[in-house]
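Structure at a glance
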Amino acid sequence: MPKHYRPAGKKKEGNAARYITRSQAVKYLQVSLSVFRRLCIFKGVFPRDPKKKVKGNHHTYYHMKDILFLKHEPLLDKFREMRAYEKKVKKAVSKKNKDLAERLLTRKPTYTLDMLIRERYPKFIDALRDLDDCLTMVHLFATLPAIERENIQAERIHNCRGLSLEWQAYISRTHKLRKAFISVKGIYYQAEVEGQKVTWLTPHALQQVMPQDVDYKIMLTFLEFYETLLGFVNLRLYHSIKLKYPPILDPRLKALAADLYALTRYADAKDRAIGANNEESELRLAQLQDQLPANEPGALMNLVENVTDDNEEDEETRACKSLFQNKTFFLGREVPRESLLFVITAFGGVVSWEGDGAPFEESNQDINYQIVDRPTQSHRFISRDYIQPQWVFDCINARILLPTEEYMVGKVLPPHLSPFVDDEAEGYVPEYAETIKRLQAAARKEILPMPGGEDDDLENAQNLLAEGIIDRTKAKEAAERRQKMALHEKQYHEELQKEMQGMQETSDLNADEIKTDGDEETDDTPASQPFIDDDTNMSMVSMSRKRRRLYEAMMLSKERKKANVETLETRKKNIEKKKKTSSD
């Protein structure tokens, strides 16, 4: 018998020992499948995909270390205690022992997820990295209706609503919002908090349709964890700007602000009398009285208006803060008030709206822009611009105040470009994106390079323009002359190099065949194309299988990108033709 012989079934090795199926894990932990799912979601344990699946491809596998990790979780004992409690209540009800049943209902075991948050996110930066799905889920449930059959309670919806507005209040006050994009699914936002980019999706303020093919139990389990996580994050962020958490909500101001939660001053006659000698109560009362107005809805946005941040603001934050500075907006009743209130205040603007409890009325002469979405208005003020809501989002993505002529009420809006797409990397730059680039350059008093020009071609003209020696027209002419001189110099060097190599040009070339636009000659001629193909095939033969597949995937992605660009250009040409025919 060999020295290292092990009888069959005595000890497992390899994947059979490292991985375990879901049914085996449930049997090993002695819990139900629903409890196992909840435990995996709370602990962050996900299925694995082993290379060799011992039990077959139709099973779900987990790592054995993860299962042992779940075995020693204190929350597992709490779930078992809750299951035993439910059995006791059911037994008391079946025996019609009402006293015992009522007594048991008052002793229902509870649990918290605080230790799991500390365990999964040892540092605050780890929690910020995992905040995208959390914010999206919380904002989604904040707009859902309460449904008893799906166990979606109104209390949980109110909690999600408060958490989402507290997050928006912090982002708005600290001016951390960077991008916003309106899509069919909702409104995408991106903020930068402590160097981490956080992106989330907010549904539109419409009546939500509840599909029947969604497992709401799984979503509610994720939501339970995300509520605790976002509460911890808001606590840390509010303490970083020296504010107490949680903020105080006023039902009266909530009713005045329609869908907004608000903060109110902490003024209660009984608390004032009792807390006259209480230092903590006095400090909190003074803080709230100093920061919150008396009857302003949306006071959550102004919670930290007078709070000074010890951290120095970076350049981008200062630019965002000053975009709508000294600008006053008035929102019509048909526009999405909550999203515009969040976006405008995040970029330094002042907002009011039509309705009870507004900071100022529509007749205020300090209003610069009135955002409406109706083709006709009962009365107009000459001192302000009437624009559509898209202008606000396009301005914050471009970081400049765009002209309002294209966004007037009743006009067809320009395309709403996504700030999350890199046009140059995609290979197609929309026409309106080029217009925005020219407006940005004009706002910075820069000269855009000509097509095909380099950045250093405009160096001398830029210096002269900055010094005030020449005006913009002369600077542009100087840049064009410099570009032509560089083009002629390059052509001269190429001809000189050909003469040195003994490759003189033939004299029988027609003048029409000579390129006068200065484009570089390429070797991609029909005669040289077979040689290029042969070189490509030879290089692919020498590649390994992994690199060859990677190369084929790269070429396929380039072809798809090229096809998309051609489709967009074809659509653009067709639209231009239709415009010409309609104008004629």
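Residues numbered from 1 in each chain as written. Predicted model: local features only at pLDDT ≥ 70, side-chain atom pairs only at ≥ 80, totals over all residues. Heavy atoms only, no water.

The name an unreviewed UniProt entry gives the protein chain is Pescadillo homolog, with Tagetes erecta as the organism. For the record of the protein chain, the UniProt heading Function (unreviewed entry) holds the text "Required for maturation of ribosomal RNAs and formation of the large ribosomal subunit." Listed under Sequence similarities (unreviewed entry) in UniProt, the entry text for the protein chain is "Belongs to the pescadillo family." (UniProt positions renumbered as here; feature names shortened; annotations may be inferred.)

To continue, consider the overall build of the protein chain. Looking only at helices and strands, the protein chain features 23 helices and nine strands. Contacts in the protein chain between residues at least 24 apart in sequence constitute 60% of all its contacts with a sequence separation of at least 6. Put simply, the protein chain shows about 38,400 Å² of open surface, and 51% of that area lies on carbon and sulfur atoms. (Helix = DSSP H or I, 4+ residues; strand = E, 2+ residues; numbered from the N terminus. Contact = heavy atoms within 4.5 Å. Areas by Shrake-Rupley, 256 points an atom, 1.4 Å probe, with all protein chains shown as cover.)

Turning to the pattern of salt bridges, a few remarks are in order. Summed over the entire model, instances satisfying the criterion amount to 16 salt bridges. For K43, the salt bridge identified is with E119, shortest N-O distance 2.6 Å. You can see K43 sitting in helix α3 (residues 33-43) and its partner E119 sitting in helix α7 (residues 114-120), a full 76 residues away along the chain. What makes K43 buried here is its relative accessible area of 6%. With a closest N to O distance of 3.8 Å, E150 and R149 form a salt bridge. With relative accessibility at 61%, the residue R149 sits in the exposed group. Linked through salt bridges whose partners overlap, the residues forming this network are R178, E192, E316 and R399. (Salt bridge = Lys/Arg side-chain N within 4 Å of Asp/Glu carboxyl O. Buried < 20%, exposed > 50% of the residue type's maximum accessible area, 1.4 Å probe, protein only.)

Bringing the layout of surface pockets into the picture now. Estimated volume of the largest pocket: approximately 1,300 Å³. For the largest pocket, the lining is made up of 39 residues, of which R38, M82, Y111, N151 and E224 are closest to its centre. Elements represented by at least two residues in the lining of the largest pocket include exactly α3, α5 (74-94), α10 (154-174) and α11 (216-240). Take the lining of the largest pocket: its biggest share by element is ten residues, from α11. Among the residues making up the lining of the largest pocket, the classes are represented as 13 nonpolar, eleven polar and 15 charged. (1 Å grid on protein atoms, 1.4 Å probe; cavity = no way out; pocket = protein on both sides within 12 Å on 5 of 7 lines; lining within 4 Å. Points joined across faces, edges and corners; volume = space filled by probe spheres on them. Nonpolar A, V, L, I, M, F, W, Y, C, P; charged D, E, K, R; others polar.)

Note: strand β3 (residues 177-182) against strand β4 (residues 187-193), five bridges, orientation antiparallel. Looking across to β4, one finds that L177 is bridged to A191. A loop of four residues connects β3 with β4, the two strands running antiparallel in sequence. (Pairing = 2+ DSSP bridges.)

Positionally, T174 belongs in helix α10. A polar atom in the side chain of T174 sits 2.6 Å from the backbone oxygen of Y170. In contact with T174, not counting residues within four places along its chain, are I241 and T317. (Polar contact = N/O pair within 3.5 Å; in protein donor to acceptor, adjacent residues only side chain to side chain.)

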